[in-house]
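Chain by chain, the residues:
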Amino acid sequence: MSSYNRYFNQAQVESDQKDLIISQLKADIFELRQGEKDFLSLNEELRSLEERYNLLQDEKLRLDTDFKVKNDQNIKTIANLKTDIDTLKATIIDKRNDCLLYT
């Protein structure tokens, strides 16, 4: 084989190898760009979910506080009503006793 053919074949092989490397690098760049788009999309979704979470957490805290206030009010109302009932029972007993004394 002449040196020209060896050089040409070697040059062709090197050129083909470089084309293959370039093709692989282009594919890698495409995948990286797609991965970046996916990352940005997921990052935006994460921010949206974090914002929603914070809003729900604030709403839950407000609802818990409202519940506690209403529950405390209900406990006080029940205690007052029990006192009223006890007072009325005592009044009824006193009046019965008074009626029994006068009959």
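Located above this text is the structure these notes cover.
Q: Please explain the overall build of the protein chain as it appears in this structure.
A: Secondary structure summary: the protein chain contains one helix and zero strands in total. Computed over C-alpha atoms, the radius of gyration of the protein chain comes to 43 Å, more than 25% over the 13 Å expected from 2.2 N^0.38 for 103 residues, which places it beyond the range of a compact globule. If one aligns the C-alpha atoms of the protein chain with their principal axes, the spans along those axes are about 145 × 20 × 10 Å. With 103 residues in all, the protein chain has 0% of them scored as buried. As presented, the protein chain carries roughly 10000 Å² of accessible surface, and 60% of it is formed by carbon and sulfur atoms. Averaging the coordinates of the 16 positive side-chain charges in the protein chain and doing the same for the 20 negative ones gives two points 5 Å apart.

Q: Help me out: how do you make sense of the environment of Leu100 in this one?
A: Within the fold, Leu100 resides in helix H1 (residues 3-102). Between the C-alpha atom of Leu100 and that of Arg47, which follows or precedes it by 53 residues, the distance is 78 Å.

Reading the values: rules and limits
Residues numbered from 1 in each chain as written. Predicted model: local features only at pLDDT ≥ 70, side-chain atom pairs only at ≥ 80, totals over all residues. Heavy atoms only, no water. Helix = DSSP H or I, 4+ residues; strand = E, 2+ residues; numbered from the N terminus. Rg over C-alpha atoms; globule rule 2.2 N^0.38 Å. Buried < 20%, exposed > 50% of the residue type's maximum accessible area, 1.4 Å probe, protein only. Areas by Shrake-Rupley, 256 points an atom, 1.4 Å probe, with all protein chains shown as cover. Lys, Arg positive; Asp, Glu negative; His and termini not counted. Charge placed at Lys NZ, Arg CZ, Asp CG, Glu CD.

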